[in-house]
Amino acid sequence: MNIIKVKDTDMGGKEAFKIMKADIKNGAKVLGLATGSSPITLYNEMTSSDLDFSNMTSVNLDEYVGLKPDNEQSYHYFMKEHLFSKKPFKNSYVPDGSNPDAEAATKAYDKIIEENPIDLQILGIGRNGHIGFNEPGSPLDGTTRKVGLTESTIEVNTRFFDDEKDVPRFAYSMGIGSIMKAKKIILLAYGEAKADAIAATVDGPVTEDCPASALQNHPDVTLIIDEAAASKLK
C-alpha cells in the first residue's frame, strides 16, 4: 500500500486529483465513485478543473434502499450536487434504491459493473472499517447486495436526517469482491475517528472484521490520510 500523508482535506483532494488526472491521461475511462465527506474536496478539484468527463463513465458504490433519486439524502442527489451538475459524464450509474426488489436491483448493478470495468475506484472508510456499505462480517469476495446497516453507521448518518427514524436501515452496495476488481484504488480518510480503522486496514490481519483490510491483497492501492487518521499506524 502506498501511503500519502497530507495536512488537511484540501491537500488530500489535490493529491487524489493528481493521481486521477494522470490515470485519465493514461486512458482510464471508468471511475468508481464514493459519497460522504471524504471525497468532497476531490470533487471540488474535478469541478474546478478543465478536465472533460463527457466521454467517461462513473459507477457509484452504493445507495440507500427506499430513497428515490430526487430525495435530498439519496446518493444520487449527493453526486448530482457535488459533481454531475457541474461535470457531466457520458454515463453515471448509482444503484437504484427505489427498487424494492433486491435481487433484481443487485443483479442489474452487477451487470453494469461487469460491462464497465472500473479503472480507478475512490473509497472512503467507516469508523468500523467499512468500504461502501460492506459492514464488518461482509464476505471479502462479495458482489452487489442488500446490506443491513450497523447501529454505529446509522448513528453516524443520523446527522443528515431530521429524525433518527428517517435514517435508512438498508443499502444496496457494491461488494468487496467487485471493489477489488478495480485496476487502481484510492482510499481517503481524515480525522482521529478514522485512526483505528486505518490501523486495522494497513497493519491488521486480512479479516471480515475490518472489511477494508481486504485492500492489502490489491496490487495498486493508495491511502491519502491526514496525521490524525495516521496516528495509530505502526
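To be clear, the structure that these remarks concern was listed above.
Residues numbered from 1 in each chain as written. Predicted model: local features only at pLDDT ≥ 70, side-chain atom pairs only at ≥ 80, totals over all residues. Heavy atoms only, no water.

*Asks:* Help me understand the packing of aromatic side chains in this model?
*Replies:* Considering all chains together, one arrives at six aromatic pairs under this definition. Measuring from centroid to centroid gives 5.1 Å for Phe-53 and Phe-89, while their planes differ by 20°, and the two rings are stacked. With a gap of 36 residues between them, Phe-53 in the loop between helix H2 (40–48) and strand E3 (57–60) and Phe-89 in the loop between helix H3 (75–84) and strand E5 (91–93) connect regions that are remote in the sequence. You can call Phe-53 buried: its relative accessible area is 1%. On the basis of relative accessible area, Phe-89 is assigned to the buried category, the value being 9%. Between Phe-84 and Phe-89, the aromatic rings sit 5.7 Å apart at their centres with planes inclined by 75°, giving edge-to-face as the arrangement. Among the aromatic residues, those joined into a ring-pair cluster are Tyr-64, Tyr-75, Phe-133 and Phe-161. Taking the ring centre of Phe-170 as reference, the NZ or CZ of Lys-146 above it sits at 4.7 Å. (Phe/Tyr/Trp six-rings, centres within 6.5 Å; stacked < 30°, edge-to-face > 60°. Helix = DSSP H or I, 4+ residues; strand = E, 2+ residues; numbered from the N terminus. Buried < 20%, exposed > 50% of the residue type's maximum accessible area, 1.4 Å probe, protein only. Lys NZ or Arg CZ within 6 Å of the ring centre and 35° of its normal.)

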